[in-house]
Amino acid sequence: MLRKLTLVCALVALSACSVWPIGQDPYGLEVRRNANETMMALQAYHRDTGAFPVTLDGLVPKYLAALPDVPHIQYDRDAGSLSFRYTPSWPQLRPVWCNSVGNTTNWNCDEHML
C-alpha cells in the first residue's frame, strides 16, 4: 500500500513538470510564427514610411495578406511592439504571455497563474 501511495505521489509531482521551455511548446511556436509574420510586416511598414501604422489594419494588404486569427495580437504603436497570450496544450496549461522586445522578433514569454 505504501509503495502504491509513493508511486501516485511521484506521478503527481512529475505531472506538474514542464515538458517544454516556456513559449517553446508546439502550439506556442505556431502562434509565435504568426506573430513574427506580423512583426516583420510592421518592420517593413516602418522602414518604408518612417512611422508605425495607427493600427495593425494598416499592414493589410500591402505588407500582410491578412492579420492572423491566432494569436490575438495587442499592438503598442508608440514602441512598435506586439504582445499576445495563449494557453499551451496539455500538460502545460498555464497561460503564457509573450511581449516583443521593442519592434523585434525577440520575445519575452512568461507563464501566468490564473
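First, a word on what this report is: a plain description of the structure on this page. (Residues numbered from 1 in each chain as written. Predicted model: local features only at pLDDT ≥ 70, side-chain atom pairs only at ≥ 80, totals over all residues. Heavy atoms only, no water.)

1. Structural notes on the pairing of strand 2 (residues 81–86)
Of all the 6 residues making up strand 2, 5 are buried; the element is thus mostly covered by neighbouring parts of the structure. Here strand 1 (residues 74–76) runs beside strand 2; their pairing, made up of 3 bridges, is antiparallel. Its bridge partner lying in strand 2, Asp76 is registered against Ser81. Connecting strand 1 to the antiparallel partner strand 2 that follows it, the hairpin turn spans 4 residues, and Gly80 within it adopts a positive phi of roughly 70 degrees. (Buried < 20%, exposed > 50% of the residue type's maximum accessible area, 1.4 Å probe, protein only. Helix = DSSP H or I, 4+ residues; strand = E, 2+ residues; numbered from the N terminus. Pairing = 2+ DSSP bridges.)

2. Focus: the sheet that holds strand 1
With respect to topology, 4 strands assemble into an open sheet ordered 1-2-3-4, the strand pairing being antiparallel. In this open sheet, the two strands that pair with only one neighbour each are strand 1 and strand 4 (107–111). The average angle at which neighbouring strand axes cross in this sheet is 15 degrees, direction not considered. Examined bridge by bridge, strand 2 and strand 3 (residues 96–100) share 4 bridges and lie antiparallel to one another. Each bridged residue has a counterpart across the sheet, and for Tyr86 the counterpart in strand 3 is Val96. The strands that helix 2 (residues 26–49) touches are strand 1, strand 2, strand 3 and strand 4; relative to strand 2, the one it contacts most, it runs at about 160 degrees. (Axes fitted to C-alpha atoms, helices over the stretch in contact; angles between N-to-C directions. Contact = heavy atoms within 4.5 Å.)

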